[in-house]
Protein chains: 4
Amino acid sequence: MLTDVQIAVLGGDARQLEIIRKLTELDARLSLVGFEQLDHAFSGAVKEKLEDVQWESLDAVILPVPGTNPEGKIDSIFSNEVIYLHEELVKRTPEHCIYFSGISNPYLDKVMTESNRELIQLFDRDDVAIYNSIPTVEGTIMMAIQHTDFTIHGSNTIVLGLGRVGMSVARTFHHLGGKVSVGTRSSEDIARAVEMGLNGFSLEELKERVKHTDLLINTIPALVVRPEIIAHLPSHALIIDLASKPGGTDFRYAEKRGIKALLAPGLPGIVAPKTAGLILANVLAQLLKEKREEKKS
Amino acid sequence: MLTDVQIAVLGGDARQLEIIRKLTELDARLSLVGFEQLDHAFSGAVKEKLEDVQWESLDAVILPVPGTNPEGKIDSIFSNEVIYLHEELVKRTPEHCIYFSGISNPYLDKVMTESNRELIQLFDRDDVAIYNSIPTVEGTIMMAIQHTDFTIHGSNTIVLGLGRVGMSVARTFHHLGGKVSVGTRSSEDIARAVEMGLNGFSLEELKERVKHTDLLINTIPALVVRPEIIAHLPSHALIIDLASKPGGTDFRYAEKRGIKALLAPGLPGIVAPKTAGLILANVLAQLLKEKREEKKS
Amino acid sequence: MLTDVQIAVLGGDARQLEIIRKLTELDARLSLVGFEQLDHAFSGAVKEKLEDVQWESLDAVILPVPGTNPEGKIDSIFSNEVIYLHEELVKRTPEHCIYFSGISNPYLDKVMTESNRELIQLFDRDDVAIYNSIPTVEGTIMMAIQHTDFTIHGSNTIVLGLGRVGMSVARTFHHLGGKVSVGTRSSEDIARAVEMGLNGFSLEELKERVKHTDLLINTIPALVVRPEIIAHLPSHALIIDLASKPGGTDFRYAEKRGIKALLAPGLPGIVAPKTAGLILANVLAQLLKEKREEKKS
Amino acid sequence: MLTDVQIAVLGGDARQLEIIRKLTELDARLSLVGFEQLDHAFSGAVKEKLEDVQWESLDAVILPVPGTNPEGKIDSIFSNEVIYLHEELVKRTPEHCIYFSGISNPYLDKVMTESNRELIQLFDRDDVAIYNSIPTVEGTIMMAIQHTDFTIHGSNTIVLGLGRVGMSVARTFHHLGGKVSVGTRSSEDIARAVEMGLNGFSLEELKERVKHTDLLINTIPALVVRPEIIAHLPSHALIIDLASKPGGTDFRYAEKRGIKALLAPGLPGIVAPKTAGLILANVLAQLLKEKREEKKS
Ligand SMILES: NC(=O)c1ccc[n+]([C@@H]2O[C@H](COP(=O)([O-])OP(=O)(O)OC[C@H]3O[C@@H](n4cnc5c(N)ncnc54)[C@H](OP(=O)(O)O)[C@@H]3O)[C@@H](O)[C@H]2O)c1
Ligand SMILES: NC(=O)c1ccc[n+]([C@@H]2O[C@H](COP(=O)([O-])OP(=O)(O)OC[C@H]3O[C@@H](n4cnc5c(N)ncnc54)[C@H](OP(=O)(O)O)[C@@H]3O)[C@@H](O)[C@H]2O)c1
Ligand SMILES: NC(=O)c1ccc[n+]([C@@H]2O[C@H](COP(=O)([O-])OP(=O)(O)OC[C@H]3O[C@@H](n4cnc5c(N)ncnc54)[C@H](OP(=O)(O)O)[C@@H]3O)[C@@H](O)[C@H]2O)c1
Ligand SMILES: NC(=O)c1ccc[n+]([C@@H]2O[C@H](COP(=O)([O-])OP(=O)(O)OC[C@H]3O[C@@H](n4cnc5c(N)ncnc54)[C@H](OP(=O)(O)O)[C@@H]3O)[C@@H](O)[C@H]2O)c1
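Residues numbered from 1 in each chain as written. Chains lettered and ligands numbered in written order. Predicted model: local features only at pLDDT ≥ 70, side-chain atom pairs only at ≥ 80, totals over all residues. Heavy atoms only, no water.

Looking up chain A in an unreviewed UniProt entry gives the name Dipicolinic acid synthetase subunit A, with the organism given as Mangrovibacillus cuniculi.

Asks: Hey, could you run me through the domain arrangement of chain A in this one?
Replies: For interface size, the figure often reported is the accessible area lost on association. Residue and element names in this part refer to chain A. Its domain assignment divides chain A into domain 1 (6–122 + 273–296) and domain 2 (128–265). Domain 1 and domain 2 are separated by 35 Å when their C-alpha centres are compared. Counting residues at the interface gives four residues for domain 1, matched by four residues for domain 2. Connecting domain 1 to domain 2 are zero salt bridges. Residue composition of the side of domain 1 that touches domain 2, by class: four nonpolar, no polar and no charged. (Domains from an automatic or database assignment. Contact = heavy atoms within 4.5 Å. Salt bridge = Lys/Arg side-chain N within 4 Å of Asp/Glu carboxyl O. Nonpolar A, V, L, I, M, F, W, Y, C, P; charged D, E, K, R; others polar.)

Asks: Quick question: what am I supposed to make of the nonpolar core here?
Replies: Nonpolar side chains in soluble globular proteins tend to end up buried together. The biggest cluster of nonpolar side chains holds 120 residues, and the ones touching the most others in it are Ile141 of chain A, Ile141 of chain B, Ile141 of chain C together with Ile141 of chain D. Every residue in contact with Ile141 of chain C, bar those within four places of it in the chain, is listed here: Ile152, Thr172, Phe173 and Leu176 of chain C together with Ile141, Ile145 and Leu176 of chain D. (Core = buried A, V, L, I, M, F, W, Y, C linked by side-chain atoms within 4.5 Å. Buried < 20%, exposed > 50% of the residue type's maximum accessible area, 1.4 Å probe, protein only.)

Asks: Just checking my understanding: could you explain the site of ligand 1 for this structure?
Replies: Residue and element names in this part refer to chain A. Lining the immediate environment of ligand 1, one finds 20 residues, of which Arg164, Val165, Arg185, Leu242 and Leu267 sit closest. Note that an oxygen atom of ligand 1 is positioned 3.3 Å from one of the backbone N or O atoms of Leu162. The backbone of Arg164 places a nitrogen or oxygen atom 2.9 Å from an oxygen atom of ligand 1. Computed on the free molecule, ligand 1 has an accessible area of 920 Å², of which 71% lies beneath the protein chains in the complex. (Near = heavy atom within 4 Å. Polar contact = N/O pair within 3.5 Å; in protein donor to acceptor, adjacent residues only side chain to side chain. Areas by Shrake-Rupley, 256 points an atom, 1.4 Å probe, with all protein chains shown as cover.)

Asks: Sorry if this is basic, but what is going on with the interface of chain A and chain B here?
Replies: The partner chain B presents 21 residues to the 21 residues of chain A that form the contact. Summed over both partners, the interface of chain A with chain B buries about 1,900 Å², with 67% contributed by carbon and sulfur atoms. When residues of chain A are sorted by the area they lose upon contact with chain B, Glu138, Ile145 and Thr151 of chain A head the list and together hold 29% of the total. Linking chain A with chain B are zero salt bridges, by the criterion used here. One can count eight residue pairs in polar contact (both at pLDDT 80 or more) joining chain A with chain B. Ranked by the residues each element gives to the side of chain A that touches chain B, the list is headed by helix 4 (residues 126–146) of chain A, at seven residues. Class assignment of the residues belonging to the side of chain A that touches chain B gives a composition of eleven nonpolar, seven polar and three charged. (Buried area = accessible area lost by both parts, 1.4 Å probe. Helix = DSSP H or I, 4+ residues; strand = E, 2+ residues; numbered from the N terminus.)

Asks: Before we go on, may I ask you to explain the pairing of strand 11 (residues 199–202) of chain D in this structure?
Replies: Where strand 10 (residues 179–184) of chain D meets strand 11 of chain D, four bridges bridge the pair, whose relative direction is parallel. Across the sheet, Gly183 of chain D pairs through a bridge with Phe201 of chain D, a residue of strand 11 of chain D. (Pairing = 2+ DSSP bridges.)

Asks: Please clarify how the interface of chain C and chain A should be interpreted in this entry.
Replies: Contact residues are listed per partner, giving four residues for chain C and four residues for chain A. Between chain C and chain A lies a buried interface of about 290 Å² when both sides are counted; carbon and sulfur atoms form 59% of it. Where chain C touches chain A, the interface holds zero salt bridges. Linking chain C to chain A there are four residue pairs in polar contact (both at pLDDT 80 or more). Here the residues of the side of chain C that touches chain A are counted per class, giving one nonpolar, two polar and one charged.

Asks: Help me out: how do you make sense of helix 1 (residues 14–25) of chain D in this one?
Replies: For an α-helix, 3.6 residues make a turn, and residues three or four places apart therefore share a direction. All names here are of chain D. Taking 1.5 Å of rise per residue, the twelve residues of helix 1 would be expected to cover 16 Å, and the 17 Å separating its terminal C-alpha atoms lies within 8% of that figure. Buried residues of helix 1: Arg15, Gln16, Leu17, Glu18, Ile19, Ile20, Leu23 and Thr24, and no others. Residues of helix 1 that are buried sit in contact with strand 1 (6–10), strand 2 (29–33), strand 3 (45–48), strand 4 (60–62), helix 10 (267–271) and helix 11 (273–296). Residue Asp27 follows helix 1 closely and has a positive phi angle near 75°. (Expected span 1.5 Å × (residues − 1).)

Asks: Explain the relation of the copies chain C and chain A here, please?
Replies: Between the two copies of the chain lies a relationship made up of a rotation around an axis and a movement along it. Expressed as a screw operation, the relation of chain C to chain A combines 0.0 Å of axial shift with a rotation of 180°, fitting to an RMSD of 0.0 Å. What the rotation and shift describe, once combined, is the action of a two-fold rotation axis. Closest approach to the rotation axis among the C-alpha atoms of chain C is made by His175 of chain C, whose C-alpha sits 5.0 Å away. Looking at chain C, 100% of its interface residues are interface residues in chain A too, so the copies touch through the same face. (Least-squares fit on C-alpha atoms with pLDDT ≥ 70 in both.)

Asks: What is the right way to read the sheet that holds strand 10 (residues 179–184) of chain A from this model?
Replies: Two modes of strand pairing occur in sheets, parallel and antiparallel, and in both the strands are linked by backbone hydrogen bonds. Residues and elements named next belong to chain A. Here we have six strands laid out as an open sheet, ordered 11-10-9-12-13-14, and parallel in their pairing. Looking at strand neighbours, the two that pair on one side only are strand 11 (199–202) and strand 14 (260–263), the edges of this open sheet. With direction set aside, neighbouring strand axes in the sheet form an average angle of 20°. In terms of strand pairing, strand 9 (residues 156–160) meets strand 10 through five bridges, oriented parallel. (Axes fitted to C-alpha atoms, helices over the stretch in contact; angles between N-to-C directions.)

Asks: I would appreciate a short explanation of the sheet that holds strand 7 (residues 98–101) of chain B in the present structure.
Replies: Residues and elements named next belong to chain B. The six strands are arranged 3-2-1-4-7-8 in an open sheet whose pairing can be described as parallel. The open sheet is flanked by strand 3 (45–48) and strand 8 (118–121), the only strands paired with a single partner. The average angle at which neighbouring strand axes cross in this sheet is 20°, direction not considered. Along the sheet face, helix 3 (residues 106–115) touches strand 7 and strand 8 and points at about 145° away from the line of strand 8. Across the sheet, helix 11 (residues 273–296) lies against strand 1 (6–10), strand 4 (60–62), strand 7 and strand 8, angled at about 165° from strand 7, the strand it touches most.

Asks: Would you mind going over the side chain of Thr24 of chain B with me for this structure?
Replies: Residues and elements named next belong to chain B. Turning to its location among the elements, Thr24 is positioned in helix 1 (residues 14–25). For Thr24, a relative accessible area of 15% puts it in the buried group. Each residue touching Thr24, except ones within four places of it in the same chain, is listed here: Leu30, Phe42, Ser43, Gly44 and Ala45.

Asks: Whenever I open this one, the site of ligand 3 confuses me. Can you help?
Replies: Residue and element names in this part refer to chain C. In the vicinity of ligand 3 there are 20 residues, among which Val165, Arg185, Leu242, Pro265 and Leu267 approach most closely. Within the side chain of Arg185, one N or O atom sits 2.8 Å away from an oxygen atom of ligand 3. Contact distances for ligand 3 include 2.7 Å between an oxygen atom and a backbone N or O atom of Leu267. Here ligand 3, which alone exposes 930 Å², has 71% of that area covered by the protein. Taken together, the elements giving at least two residues each to the shell around ligand 3 come down to helix 5 (164–175) and helix 10 (267–271). Classifying every residue of the shell around ligand 3 by side-chain character gives twelve nonpolar, six polar and two charged.

Asks: Just to check I follow, could you spell out the relation of the copies chain A and chain B for this structure?
Replies: Superposition record for chain A on chain B: RMSD 0.1 Å, screw rotation 180°, translation along axis 0.1 Å. Of the residues that chain A buries at the interface, 100% are likewise interface residues in chain B, meaning the two copies contact each other through the same surface.

Asks: What's the story with the packing of helix 4 (residues 126–146) of chain C against helix 4 (residues 126–146) of chain D in this structure? I'm lost.
Replies: Taken N-terminus to C-terminus, the directions of helix 4 of chain C and helix 4 of chain D make an angle of 125°; their axes are 10 Å apart at the nearest point. Classed by the angle they form, the pair helix 4 of chain C and helix 4 of chain D counts as oblique. Helix 4 of chain C and helix 4 of chain D meet at a crossing whose hand is left-handed. Every residue of helix 4 of chain D that contacts helix 4 of chain C at Glu138, Ile141, Met142, Ile145 and Gln146 of chain C is listed here: Glu138, Ile141, Met142, Ile145 and Gln146 of chain D. Each residue belonging to the contact of helix 4 of chain C with helix 4 of chain D can be placed in one class, and the counts come to six nonpolar, two polar and two charged. (Parallel < 35°, antiparallel > 145°, perpendicular 65-115°, else oblique. Left-handed = near helix turned anticlockwise from the far one by under 90°.)

Asks: Is there a simple way to explain the pattern of salt bridges in this structure?
Replies: Pairing is possible between side chains of opposite charge, provided their charged atoms come close. Overall, the coordinates contain 64 salt bridges over all chains when judged by the stated rule. Between Glu205 of chain A and Arg209 of chain A there is a salt bridge, with the nearest N and O atoms lying 2.9 Å from each other. A salt bridge links Asp4 of chain C to Arg29 of chain C, with the nearest nitrogen and oxygen atoms 3.8 Å apart. In this pair, Asp4 of chain C is assigned in the segment before strand 1 (6–10) and Arg29 of chain C in strand 2 (residues 29–33), connecting sequence segments 25 residues apart. With relative accessibility at 43%, the residue Arg29 of chain C sits in the partly exposed group. Beyond isolated ion pairs, a larger network of salt bridges with shared partners links Glu18, Arg21 and Lys274 of chain A.

Asks: What exactly am I supposed to notice about a negative patch on the surface here?
Replies: On the surface, Glu204 of chain A together with Glu290, Glu293 and Glu294 of chain D cluster together into a patch of negative charge. Tracing the sequence through the fold places Glu293 of chain D in helix 11. (Patch = residues over 30% accessible without salt bridge, like charges linked within 9 Å, V, L, I, M, F, W, Y side chains within 5 Å. Lys, Arg positive; Asp, Glu negative; His and termini not counted. Charge placed at Lys NZ, Arg CZ, Asp CG, Glu CD.)

Have a look at this one:
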């Protein structure tokens, strides 16, 4: 339980609702800033204006997934209020107060450093990245179904990378009946692909491997789907690039060659905001409990 | 090979293109009626007007999936020509000439009976129904992803029926990480569900089973998702009804209760026309080869 | 519940213990004949001699899986008592009394016919056959591991037949990483194999298919693994024949060619007697409950 | 190809045969020491006595999986010759000559250090460990089937550790229909277990989790199956401990409590020597090719 733990939730999207639900269930006391247009009321949670929050008594501050914008503004889909995370506010929180976001940016980093507060970027954590790979895979499936005229079942599918997302993608497309090959730079990952019943090959051979590829799904955050690779793809192939911007594909060349190539947006928040929120809520609750235990002892 | 076999393909959609491709590969001679707006040319296939076809020398006639409309008109997405399958034309074909469609209707049945020609409805065949279950499943996955805010992975999923489509749906949703239970009327199907690693239960218990259901997927062509079932579903549940019109769900009651319920259209032709065409092309080619062998011997 | 239902259990092996356990749990009253060497006592069950049973008040009689031997003798591994199922005894039971065994034989058939009592052969039921396919598959896996020097993973595996056992075998060997092809006589089963992610082929092509086969698993109760098939197998291949005696393999020829070929014994009772007993117990209990409902109404 | 590469293979078991086969296929020139009882001849490989080997021209020396015994003796199942790997011999090989074994020991380490030669322990490599997890899993399945009277399908199975072996074990038992939970110390592994469709839990909760466990499979090389864990297991449970000697189980206590606990021997060489040999052969060949490229450039 998180009884008597005082938390401010500042803005965000549907994912924050799962966090709020979870934390109130655990008996934390919440100040919700930027939720005044939300119909729903949570017992134990008070909707407040930024200036009404008791900053001095906060144990944790929960920011939206993107943290702030480059100027420190916090977005909320449930509010028209303009919310800024000013350094002065942060400095008013107790030293032990922890900040949570999905990712960070130079503004947020600077504020945290200068005020000497801890920021936990949840998306940096391996557990969160792996849980998030689940909705990411489902979003990828949806894209593959929508943007092709053939089934995933029976299609020659190459997955690049066997990291946290790549492993989930590769296994799931295999289970859907795709003929999956995994391209990777490590001999260990090739072995794992084989053990999983897939083909594994070295990225160096990619050019020779793509000739009969129907689906090329990239998870490597580096330019691997280069022009010479694209040039060898059949014209009906679809490239789905999951790596975060700018992706690992030469999109300009793909367009020139007439190969459809899609840079996936952040899928979890789009295809399954509720699940994506639950993932964050569970990890957050776990971390807050651990911090509490530490403090006690 | 189908050398010297003379076939007319009358109208249709993208699926017919795969059939045409396959049959020309096998060296059949094709008359294509209703394809004049199609850019592509197939060697061995001639685009003709209905009246120019040599009906007397045809070995087979391939109609679109729906056959004709109730008045005998044949639709083609590649043509503005108005094409009717008149009884006189059918009677001009040799007695051994076989007609193929996906499904039939009273008009088509009547023409076939009166002219004493054989019509093979491909969708009636078990093999076609099973192959078609593959794109059907992918369409169902797409619908489930689009119409919920949670992942299939981890969701409580009930599949009704373990026939040709139900078995494919149940296994695939299990492989996606859904917690799948199968409701069926036969003890044999319950055993198969258990063997597959799923839960199996008798349809009689459906009411007690739906309380925590997130996804309810029906494949039974009978009214099984009745008001008392819907009344027990949680409000966030999604019903996807795959059974052909009018489906097996009381949609009126679902709407009243505020439960989202979707009657799936014909998914194979929508989500994967190329695969759907290939399925028909392969079975057709196989059947034509067999007929040819029979005739020879 | 089976309160007040009077049942005699006559002989058998470890599987009967699960039946006894289940039925006593459901509050049935049991006479156990041929269990005097069993240490364990079940509340609600009385160990008796054959002659002490109250035949006139029995609602059901449970025989061992093989029923009787050809002369009517009932085997029990828990007893030295000689037990015969004489026709007179059967005739003393009430007309509604039902007999259960796994399989039957001419003796048992005759006794049942002449006394006009119902015999339910549990192994004839589809649900039992499918549940039993589970331990059968595990026994097959064990045999494949023990009798080869290579892994199932990665091995070219052919499964003949896609019936109740064949489907379970094919899927499980696929899940273990085997490269599974299914040989069958029906186009429907080929389609199902493909949908499951396996290769499917017509039995007519078997000869051409076995050239690189490592494991050949037969479930078809007919001579399909004929000399010309065996002659095409590589010398290291292993044949496991699951079909009931005499199997579907020309064992004499296999031996001559030096190909290892094994006729599987009844696997469920050997590799997992407890599970095999539970399967029978559950179906039996369900049937007895249904019979009871019928009688009541 | 490995044309002109000069390699000595010293002793070993069936696994070496696959290595010899692979290397001769790649056109290497082999001296086989300790194989005089082997019937088979390999073209390009010469059976020699230790003293006849041209040590000065060797590019690689392949030892058996265990390397040597603590005194430097090399075992061979194909020979009665007594073979010692003396330091003098090693020093006669060129400086670039590489030694290969599965594992090492103080004797071997010392010889290598003092002669300043490179020893590659293949079992230390991640790729080999992952490939070897495949036969390890099959051996584990065999043990589970042989030592229980219930099926893996449907059994409550706990796998401890989600490393190179644990991941393969967990997935495969899940695919066999086991209800698999994974106990691990890292939140990342819990997330991966969940993503795989399994339960994941922290090792700290192990005591509470084992109450209904049928199969407990340990892959953690540390004492985790401690007395208090064993005390909570049901009496029919089976413990299979895969961790290398002395395993991670308190076997003494398990015996006292009457719980069957098995310390698995080295399974790959036992259940699938051919596959185990192929794994080593492929990695060896790959490494030798890379070394050769390096040397060239
Ligand atoms: N669109 C979305 O919804 C979405 C969702 C989740 C993640 N993502 C993005 O997807 C990407 C992958 O995420 P992840 O969590 O799977 O990361 P990860 O676990 O770090 O995996 C990255 C993979 O890429 C490989 N790799 C990295 N640099 C490479 C290079 N230069 N050459 C070859 N291989 C290289 C890594 O191999 P090694 O193991 O050898 O380093 C690893 O296999 C990230 O960009 C992430 O932001 C997008
Ligand atoms: N929307 C699409 O894209 C799409 C695609 C393919 C198929 N479909 C439709 O989906 C439906 C199922 O197709 P299918 O090929 O799977 O058919 P199927 O193989 O005949 O399976 C039908 C299933 O429903 C059960 N069933 C039938 N009547 C029942 C009743 N009165 N009560 C309880 N169970 C009953 C059957 O059980 P028994 O085995 O006990 O008879 C069987 O399990 C059809 O309506 C078909 O037209 C739609
Ligand atoms: N050793 C053991 O422990 C064990 C355990 C269980 C079962 N069994 C035995 O295994 C066998 C299969 O059992 P099951 O329950 O799977 O039976 P099943 O469901 O009837 O399946 C039999 C399969 O064989 C095919 N088949 C039958 N006759 C054929 C023929 N002449 N040519 C080609 N295919 C033919 C059937 O095809 P269609 O569908 O086209 O008819 C079907 O696919 C039986 O002999 C059974 O006694 C042994
Ligand atoms: N019997 C056989 O045939 C056979 C075959 C292959 C392997 N093995 C043996 O099996 C064992 C596992 O091999 P592997 O290749 O899977 O090793 P691995 O990849 O290193 O995995 C070891 C696992 O144990 C965990 N672990 C290690 N120390 C721990 C501790 N003190 N507390 C909690 N968890 C701990 C690791 O967790 P972290 O990731 O958090 O470190 C990891 O999950 C080894 O002993 C190996 O020799 C036996």
